[in-house]
Amino acid sequence: MENKSDALLRKMLKKWVNRQHPPDNGRARLLWEAAHISRNNIDLTVILFRPQFISSSSSNDWPPKFFSWINENSIQFGIQARII
Amino acid sequence: MPKGAEEKRVISDSELALSLQAGSLEALGVLYDRHRGLVFRTALAITGDAEAAADLMHDVFLRLHRFAAHIDPQRPLEPWLYRMTTNLSYTWVKRRQRWFHPFEDMADWLAGTRKDTPAYQAEMDDSWRQVQQAVSSLPLPHRGVVVLYYVNDLSLQEISEILDIPVGTVKSRLHYGRQALKQSLGLLAGEIFPELQYEFT
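Residues numbered from 1 in each chain as written. Chains lettered and ligands numbered in written order. Predicted model: local features only at pLDDT ≥ 70, side-chain atom pairs only at ≥ 80, totals over all residues.

## Some words on the overall build of chain B
So, step 1. In terms of helices and strands, chain B carries 12 helices and zero strands.
So, step 2. When its helices and strands are written in sequence order, chain B yields α-α-α-α-α-α-α-α-α-α-α-α.
So, step 3. Restricting the contact set of chain B to residue pairs at least 6 apart, pairs at least 24 apart contribute 68%. (Helix = DSSP H or I, 4+ residues; strand = E, 2+ residues; numbered from the N terminus. Contact = placed C-beta atoms within 7 Å.)

## Topic: the overall build of chain A
So, step 1. Counting its secondary structure elements, chain A contains four helices and zero strands.
So, step 2. When the helices and strands of chain A are read in sequence order from the N terminus, they spell out α-α-α-α.
So, step 3. Here chain A holds 84 residues, and the buried ones make up 11% of them. (Buried ≥ 20, exposed ≤ 12 C-beta atoms within 10 Å, placed from the backbone.)

## Quick look at the interface of chain A and chain B
So, step 1. With 26 residues of chain A at the interface, the matching set in chain B holds 32 residues.
So, step 2. Secondary structure elements with two or more residues in the side of chain A that touches chain B: α1 (4-18) and α2 (26-40) of chain A.
So, step 3. Per-element accounting of the side of chain A that touches chain B gives the leading share, 12 residues, to α1 of chain A.
So, step 4. Partitioning the side of chain A that touches chain B into residue classes produces 14 nonpolar, four polar and eight charged. (Nonpolar A, V, L, I, M, F, W, Y, C, P; charged D, E, K, R; others polar.)

## Some thoughts on the confidence of the model for chain A
Residue and element names in this part refer to chain A.
So, step 1. Looking at chain A, pLDDT values average 70 and 45% of them are 70 or higher.
So, step 2. Least confident of the elements in chain A is helix α3 (residues 44-48), whose mean pLDDT is 49; most confident is α1, at 88.
So, step 3. Taken together, the stretch residues 50-56 has pLDDT below 50 and engages in seven contacts with residues farther than four places along the chain or on a different chain. (pLDDT = per-residue confidence, 0-100.)

## With respect to the packing of helix α2 (residues 13-21) of chain B against helix α3 (residues 25-47) of chain B
Residue and element names in this part refer to chain B.
So, step 1. Where α2 contacts α3, the two axes come as close as 7 Å, and the packing angle between them is 140°. One way to sum up the angle between α2 and α3 is to call them oblique. Relative to α3, the crossing made by α2 is left-handed. Along the contact surface, α2 presents Leu16, Ser19 and Leu20, while α3 presents Ala27, Leu28, Val30 and Leu31. (Axes fitted to C-alpha atoms, helices over the stretch in contact; angles between N-to-C directions. Parallel < 35°, antiparallel > 145°, perpendicular 65-115°, else oblique. Left-handed = near helix turned anticlockwise from the far one by under 90°.)

## Some remarks on the domain arrangement of chain B
Residue and element names in this part refer to chain B.
So, step 1. In terms of domains, chain B is made up of domain 1 (11-112) and domain 2 (124-201).
So, step 2. Taken together, the contact between domain 1 and domain 2 spans 12 residues of the former and 13 residues of the latter.
So, step 3. If you list the elements that add at least two residues to the side of domain 1 that touches domain 2, you get α3 and α5 (78-110).
So, step 4. Element by element, the count of residues in the side of domain 1 that touches domain 2 is highest for α5, at six residues.
So, step 5. Residues belonging to the side of domain 1 that touches domain 2 are distributed by class as follows: seven nonpolar, three polar and two charged. (Domains from an automatic or database assignment.)

What follows is the structure, given as structure tokens:
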């Protein structure tokens with residue numbers, strides 16, 4: 001059984017912590033950021049296994065194709081800075 | 001229709017965790033509303049800083065969203081939240097001790113011992129500041145156990161599972177933490193908490 005000083009300590013600590021409350025805008029901030037992260041969550045396997053990147057016609061033509069694909073799809077994936 | 005049937009069904013944490021794994025932000029919002037108090041209180045008690053506690057709370061729920069796929073919906077969510085909150089709070093305290101204390105001391109010195117000014121004194125109620133200082137002066141491992149036990153009402157077994165330490169270690173940390181707190185606050189209790197003192201005498 002808890003003694004008096006323990007009970008006092010418990011009450012004291014709870015009162016101290018309960019004086020402050022989480023911010024009111026916390027929920028909106030969290031959901032906004034979570035939504036932002038979800039949009040930017042690019043699955044790289046989509047890029048790597050696209051047929052145009054595994055073409056065996058030339059070993060030198062994949063970089064331009066890769067970057068043009070990134071530029072074409074950047075808006076879709078929410079990429080802020082486009083690769084030039 | 002019976003009165004009870006009209007009441008809205010409460011969605012369980014495990015159902016919400018499953019929805020979260022499917023990418024539902026609404027589920028994240030409900031979990032936030034349900035558990036934010038627990039996370040904020042724990043972070044605040046360990047860090048002693050309301051602003052940091054708000055940031056850490058944000059970080060905990062963001063990680064819940066990010067690592068939802070790794071969470072077992074069949075298990076209770078609260079231990080995961082407590083574990084994440086204590087870990088992030090420990091990291092925050094360690095970083096602050098390492099990097100910011102020297103700069104804070106210098107800033108106070110340059111500003112002419114800001115902590116002695118009437119404005120600062122008015123900003124922070126003296127009696128509660130003493131409680132905060134007493135908790136903050138505990139070594140981090142003792143502080144975590146004391147907070148989970150006294151502020152969150154968790155059992156020794158629950159604390160042991162959350163912090164991943166033996167129950168005996170929890171007991172000893174709690175013992176030393178409790179003794180140190182009583183030593184710091186015991187003499188002050190009569191002055192700063194007359195209403196509490198009255199209840200127990």
